[in-house]
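Structural overview
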There are 2 protein chains.
Amino acid sequence: MSVTAAKGFTAAGIAAGIKESGSPDLALVVNNGPRLAAAGVFTANRVKAAPVLWSQQVLKGGQVAAVVLNSGGANACTGPQGFQDTHATAEKAAEVLGVNAAEVAVASTGLIGVRLPMDRLLPGIEKAAADLSPYGGEKAAIAIKTTDTVHKTAVAEGAGWTVGGMAKGAGMLAPGLATMLVVLTTDADLDAPALDAALRDATRTTFDRVDSDGCMSTNDTVLLLASGASGVTPDADAFAEAVRTVCDDLARQLIGDAEGATKDIRIEVTGAATEDDAVEVGRSIARNNLLKCAIHGEDPNWGRVLSAIGTTSAAFEPDRLDVAINGVWVCRDGAAGEDRDLVDMRYREVRITVDLHAGPESAVIWANDLTADYVHENSAYSS
Amino acid sequence: MSVTAAKGFTAAGIAAGIKESGSPDLALVVNNGPRLAAAGVFTANRVKAAPVLWSQQVLKGGQVAAVVLNSGGANACTGPQGFQDTHATAEKAAEVLGVNAAEVAVASTGLIGVRLPMDRLLPGIEKAAADLSPYGGEKAAIAIKTTDTVHKTAVAEGAGWTVGGMAKGAGMLAPGLATMLVVLTTDADLDAPALDAALRDATRTTFDRVDSDGCMSTNDTVLLLASGASGVTPDADAFAEAVRTVCDDLARQLIGDAEGATKDIRIEVTGAATEDDAVEVGRSIARNNLLKCAIHGEDPNWGRVLSAIGTTSAAFEPDRLDVAINGVWVCRDGAAGEDRDLVDMRYREVRITVDLHAGPESAVIWANDLTADYVHENSAYSS
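An unreviewed UniProt entry lists chain A under the name Arginine biosynthesis bifunctional protein ArgJ, with Streptomyces mashuensis as the source organism. One UniProt comment on chain A, placed under Subcellular location (unreviewed entry), says "Cytoplasm". What UniProt records for chain A under Function (unreviewed entry) is the sentence "Catalyzes two activities which are involved in the cyclic version of arginine biosynthesis: the synthesis of N-acetylglutamate from glutamate and acetyl-CoA as the acetyl donor, and of ornithine by transacetylation between N(2)-acetylornithine and glutamate."

Here's what the structure looks like:
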């Protein structure tokens, strides 16, 4: 399903030879209309990859005819030449597809600081264009994988319309956004501002609240393309809910496939004075390496949760903090509560619940444990 | 050496049975005067251990007659009972030593959330008092070890006066302060405000700039005690320099003994608009797990340095950033610079230099690599 679940889209995923391994590394997603409406959100990192800088410009026009995505190289920190490479990529796709280059978004993922092999990438676009199909969504999702062990797709159905999408991401996953490339498509008949509103609302509480390893990428890109091919203009709330559902599904898949992880940690902060407080506390917990190690060791070490909360500026009193791990309130009023031996941590999902007792707001952040496999995978990535 | 290098101090380190292992776990440092002047700095964590809350009160008086330190338990997140335990510890030491309990500082380190075995700790104070000696500094330093592989002491000599100290700390090391207990002593004849000024100046650029694993403790305590026994009142600058030298020496020893670490990473940020900018950038780099893994793998992955810089609010332009690793400028103007194969990373110390090209300020942050051993050590700590 993926990006071709919605009517009006074709896609392809091929091996262009960008990856030395010969694995698929180039994806093409084409909006065949009648509409070409689009919205996008991008990394909050101030060091932005060339394709991010390019695609931000493209999205200002509110129209995207096609997206070229490659794995095997991030084209980040590659200077003016890197930007020219992205430009040439869009020009090539525009020429092959007969569209406007200013309506071709580009997304790249892989090692930072290395230029892309354009002598392979540009012919790859021709090859991918020849392979475009209304059934190409899975192949496209496979072609954008880097250290992902599985490809990631999701679909939500509305009344006569569909939202589908694909994602890649397994490391450098932290808010604003998680490190990932995501393309969502819909055949709903909506204009760019409507898409933008739905997309920002959805990413704020899904991809922006995934914090696998505290590291923010230079390349994060989430695009939402609408073809209008269903002829249906959905209710704004129903559409927003569908986009959120797909984003949430993909975000969970990112966490579930994070590098080296053995646990998915759901951190719910309740009783916060503000939603920002809840998010700040959740992120601080999500990024605490000692806690992440403890969770890996199936150790319900609530003291490390408290020490992480204590580094935030959120409203709370230390002697009123409650913490539950997998439903057992191991910390009450800032001190030992129920018996920690009651906590069963054998399963992949671990739920940490914090009650700040400072207000009515809450937020959920997803994180992963820290493992020796994460260290191994990331100490040998570029060599 | 250690805390008994300066005249006017006695110390002891004994096994009170707080640790199940039977290793030394209780230290006593006594100021025999004629002065009892003291200053202290404590963790910035809002979740503070009972001994921190107690000692902060003691230090407000500017006088410390004795310090009781224990390993084997942090007495953090232990509620009102934990505070009573600290109070009882100070009372017991006061009784045994014939001093005022309001002038007895207490410091604890170990697992969070568990009460101390007072039936062992209190008799231990009597035992330690009986063992007090002007040569007891090394034993005291040994008794405060937790996961430290070596005990840590340092000394600086002035003109007729001495500053000496001991430290413990190997994990949960992050700014404001690093997780550690430190006691410094001097026989210089100085009052509490003079000590406070020298101590704050020293910790700001030493312990506060150590960031081993991004985790801030609930128990950090750094005390500076002056006996006045030398009869010499040193020049303020000379004294400040001596305190800074001892703090810097101990801070480096903490980094050199960090849990599981194989590399000490010196991150120097230059060309910053403000010192705060330099520190923010340095800390962001110090806490980037992907970079820490890369350094462990001896991979000069400057892209991860840039992606960490990009998450800060410091003044810089992405296309003007320069990064050197061990003296090789692998990144120039935000893109690839000198050949990364020229970087020799075989040694324990790795130097990362960043030039923000945004001003004249700079700062140095020390960090460690992230290793499988760190994960192993911290996933089985409390079990």
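Back to the text.
As for the pairing of strand β5 (residues 104–108) of chain B
All names here are of chain B. Burial of β5 is extensive: five of the five residues sit out of reach of the surface. The two faces of β5 match: Val104, Val106 and Ser108 on one face and Ala105 and Ala107 on the other face are all buried. In the classification by handedness, the crossover that spans strand β4 (residues 66–70), the intervening helix α2 (residues 79–97) and the parallel β5 is right-handed.

Brief notes about the interface of chain B and chain A
Facing the 51 residues of chain B at the interface are 51 residues of chain A. Together, the buried faces of chain B and chain A total about 3900 Å²; carbon and sulfur atoms form 60% of this surface. Put simply, chain B and chain A have zero salt bridges between them. Here chain B is connected to chain A by 13 residue pairs in polar contact (both at pLDDT 80 or more).

Notes on the side chain of Asp355(A)
Residue and element names in this part refer to chain A. Along the chain, the position of Asp355 falls in strand β15 (residues 349–355). Although Asp355 lies buried, it forms no salt bridge, and the closest oppositely charged side chain, Arg332, sits 6.6 Å away as judged by the N-O distance. Side-chain polar atoms of Asp355 contact the backbone nitrogen of His357, separated by 2.9 Å. When residues no more than four places from it in sequence are discounted, the contact partners of Asp355 are Thr270, Gly271, Arg320, Leu321 and Asp322.

Description of the domain arrangement of chain A
Residues and elements named next belong to chain A. Along its sequence, chain A is organised into domain 1 (2–256) and domain 2 (264–379). Between the C-alpha centres of domain 1 and domain 2 the distance comes to 32 Å. Regarding the contact of domain 1 and domain 2, the summed buried area is about 1300 Å², with carbon and sulfur atoms giving 40% of it. If you look at where domain 1 meets domain 2, you find four salt bridges. Where Glu275 meets Arg209, a salt bridge forms, and the shortest distance between an N and an O atom there is 2.6 Å. Between the two partners, domain 1 and domain 2, sit eight residue pairs in polar contact (both at pLDDT 80 or more).

Notes on the packing of aromatic side chains
Overall, the coordinates contain four aromatic pairs over all chains when judged by the stated rule. Centre to centre, the rings of Trp161(A) and Phe239(A) are 5.6 Å apart; their planes meet at 55 degrees, and the pair counts as tilted. You can see Trp161(A) sitting in the loop between β6 (152–157) and β7 (162–168) and its partner Phe239(A) sitting in helix α6 (residues 236–256), a full 78 residues away along the chain. Each member of the pair, Trp161(A) as well as Phe239(A), carries the same accessibility label: buried. The positively charged end of Arg46(B) is found above the aromatic ring belonging to Phe316(A), 3.9 Å away from the centroid.

Criteria and cut-off values
- Residues numbered from 1 in each chain as written.
- Chains lettered and ligands numbered in written order.
- Predicted model: local features only at pLDDT ≥ 70, side-chain atom pairs only at ≥ 80, totals over all residues.
- Heavy atoms only, no water.
- UniProt positions renumbered as here; feature names shortened; annotations may be inferred.
- Buried < 20%, exposed > 50% of the residue type's maximum accessible area, 1.4 Å probe, protein only.
- Helix = DSSP H or I, 4+ residues; strand = E, 2+ residues; numbered from the N terminus.
- Right-handed = clockwise from strand over helix to strand, strands pointing away.
- Contact = heavy atoms within 4.5 Å.
- Buried area = accessible area lost by both parts, 1.4 Å probe.
- Salt bridge = Lys/Arg side-chain N within 4 Å of Asp/Glu carboxyl O.
- Polar contact = N/O pair within 3.5 Å; in protein donor to acceptor, adjacent residues only side chain to side chain.
- Lys, Arg positive; Asp, Glu negative; His and termini not counted.
- Domains from an automatic or database assignment.
- Phe/Tyr/Trp six-rings, centres within 6.5 Å; stacked < 30°, edge-to-face > 60°.
- Lys NZ or Arg CZ within 6 Å of the ring centre and 35° of its normal.

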